[in-house]
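Single-letter residue listing:
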Amino acid sequence: MKLTVEFPSVSYREGPAGVGQLAKAIEDIGYDQLDIFDHVVMGFPIEGRDGRYGAKMPILEALMTLSYAAALTSTIGLGTEVLVLPQRQPVLVAKQVSTLDTLSGGRVRLGIGIGWQPSEFEALSENFRTRGKRTDEAIELLRACWRDEQIDHDGKYYTSVAMGMEPKPPQGGNLPIWIGGGSEAAFERVGKYGDGWLSSQVRDADDAKRAMDAIQKAASAAGRDPEALGWQGQIAPPPRPGDTEAKMYYADLDRVAKRVADLKDMGFEWAAVNATAVFQSGARSVEAMIEALGNIHDRLRSEVGR
């Protein structure tokens, strides 16, 4: 089973050296993938807003952080879990990701989602209500930018006429795009466009089967091979403010290992460790997070192998 770490932006508090030290250590420990989540801005909790996370939560920009990590590592996969694609201009994203893939030697996996925070879209002057349809079209445009010598795209939301983008990423048009989300629309999107599903809150085997069946059905309907899809499950979602029990989740290695074994039994090939939650569980420095991630890695490898 492959293991990924969702990188903790809180490491910035120890400066660039701390961020770099942690990124390199995650590779050295033996994790397969380093991912980072994406928010550009977070809304303060005013009336009518979803206040699931604090507005002052530190979040490093995802693609910039991955570029920094790419320069300090050599083998670990680099990706987003997930980039909120419809709040970003897709041709620019295609260029950024292509450049990251080029400079990292073809190590990029782009994880995307449609987002949940209307105020963030408003701050970025993007339409929250059309985000799903724009995501579908943006994926097609990304592929064209990475694949085609001449990019011609005449869509409802985006247009590119006789444009070129060089250099192409080493992975070309096959650069993997994995898609997050737990709705029926998300399952259809994964099946139609994605190379894999990034699950964040699957509850049990029945829940996983329902989602995987829906995704594979959508893939077959789109003329794609449903058996070629990848599956990643997050071990535990980030704890909400005030949830003391959830904050201590990663301090219990037996509990973490059982969850990963269960994910493997459900059919997941990847498991994601949320290092921000590791920080919240008591590893309050870069050195402590490195030690905790090492212990988690060793325990999980002994449970589910490689």
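Residues numbered from 1 in each chain as written. Predicted model: local features only at pLDDT ≥ 70, side-chain atom pairs only at ≥ 80, totals over all residues. Heavy atoms only, no water.

Per an unreviewed UniProt entry, the protein chain is named Luciferase-like domain-containing protein, and its organism is Entotheonella factor.

Draft legend 1. Summary view of the overall build of the protein chain. When you go through the protein chain residue by residue, the secondary structure sums to eleven helices and eleven strands. Against the 2.2 N^0.38 benchmark of 19 Å for 306 residues, the protein chain shows a C-alpha radius of gyration of 19 Å, consistent with a compact globule. When burial is assessed residue by residue, the protein chain has 52% of its 306 residues classed as buried. Long-range contacts, defined as pairs at least 24 residues apart, comprise 72% of the intrachain contacts of the protein chain with a sequence gap of at least 6. Within the protein chain, the 43 negative side-chain charges are centred at a point lying 2 Å from the centre of the 35 positive side-chain charges. (Helix = DSSP H or I, 4+ residues; strand = E, 2+ residues; numbered from the N terminus. Rg over C-alpha atoms; globule rule 2.2 N^0.38 Å. Buried < 20%, exposed > 50% of the residue type's maximum accessible area, 1.4 Å probe, protein only. Contact = heavy atoms within 4.5 Å. Lys, Arg positive; Asp, Glu negative; His and termini not counted. Charge placed at Lys NZ, Arg CZ, Asp CG, Glu CD.)

Draft legend 2. Spatial organisation of the pairing of strand 6 (residues 151–154). Here strand 6 shows a clear split, with Ile151 and His153 buried on one side and none of Asp152 and Asp154 buried on the other. Relative to strand 7 (residues 159–163), strand 6 runs antiparallel, the two being bridged by three bridges. The residue bridging Ile151 from the neighbouring strand is Met163, located in strand 7. What sits between strand 6 and strand 7 in their antiparallel hairpin is a turn of four residues. (Pairing = 2+ DSSP bridges.)

Draft legend 3. Summary view of the packing of aromatic side chains. Applying the stated criterion to the full structure yields seven aromatic pairs. Aromatic side chains Phe121 and Phe128 sit 5.2 Å apart centroid to centroid with 85° between the ring planes, which places their arrangement in the edge-to-face category. The class for Phe121 is buried, based on a relative accessible area of 0%. Here Trp197 and Phe268 contribute two aromatic rings whose centre-to-centre distance is 6.0 Å and whose plane-to-plane angle is 35°, an arrangement assigned as tilted. One end of the pair, Trp197, is in strand 9 (residues 196–199); the other, Phe268, is in the loop between helix 9 (253–266) and strand 11 (270–274), and 71 residues separate them in sequence. In terms of burial, Trp197 and Phe268 fall into one category: buried. Every member of this aromatic cluster is reached through a ring pair, and the members are Phe187, Trp197, Trp231 and Phe268. Here the guanidinium or amino end of Arg109 rests over the ring plane of Trp178, the centre of that ring lying 4.5 Å away. (Phe/Tyr/Trp six-rings, centres within 6.5 Å; stacked < 30°, edge-to-face > 60°. Lys NZ or Arg CZ within 6 Å of the ring centre and 35° of its normal.)

Draft legend 4. Looking closely at empty space enclosed by the protein. Under the counting rule described, the total for this entry stands at one cavity of 30 Å³ or more. As for the largest cavity, its lining consists of Phe7, Val19, Gly20, Ala23, Leu34, Thr65, Tyr68, Ala69 and Leu72. Sort the elements by how many residues they give to the lining of the largest cavity and helix 2 (residues 62–72) lands first, with four residues. A class-by-class count of the residues in the lining of the largest cavity yields seven nonpolar, two polar and no charged. (1 Å grid on protein atoms, 1.4 Å probe; cavity = no way out; pocket = protein on both sides within 12 Å on 5 of 7 lines; lining within 4 Å. Points joined across faces, edges and corners; volume = space filled by probe spheres on them. Nonpolar A, V, L, I, M, F, W, Y, C, P; charged D, E, K, R; others polar.)

Draft legend 5. Region of interest: the environment of Phe268. Judged by its relative accessible area of 2%, Phe268 is buried. When the C-alpha atoms of Phe268 and Lys2 are compared, they prove to be 9.4 Å apart, with 266 residues separating the residues in sequence. Not counting chain neighbours up to four residues away, the residues in contact with Phe268 comprise Met1, Trp197, Ser199, Val202, Ala208, Met212, Trp231, Gln232, Gly233 and Leu263.

Draft legend 6. Region of interest: the side chain of Ser199. Position of Ser199 among the secondary structure elements: in strand 9. Once residues within four sequence positions are removed from consideration, Ser199 is found in contact with Gln232, Gly233, Gln234 and Phe268.

Draft legend 7. The pattern of salt bridges, seen in detail. Applying the stated criterion across every chain yields a total of 19 salt bridges. Taking the shortest distance from any N to any O, the salt bridge between Asp35 and Arg109 comes out at 3.0 Å. Of this pair, Asp35 sits in strand 2 (residues 33–36) while Arg109 sits in strand 5 (residues 108–113), and the two are 74 residues apart along the sequence. Per residue, the accessibility class of Asp35 equals that of Arg109, and both read buried. Of the charged contacts, one joins Arg299 and Asp254 as a salt bridge, the two residues approaching to 3.1 Å between their closest N and O atoms. Placement of Arg299 in helix 11 (residues 286–304) and of Asp254 in helix 9 is noted, with a sequence separation of 45 residues between them. Judged by relative accessible area, which is 52%, Asp254 ranks as exposed. (Salt bridge = Lys/Arg side-chain N within 4 Å of Asp/Glu carboxyl O.)

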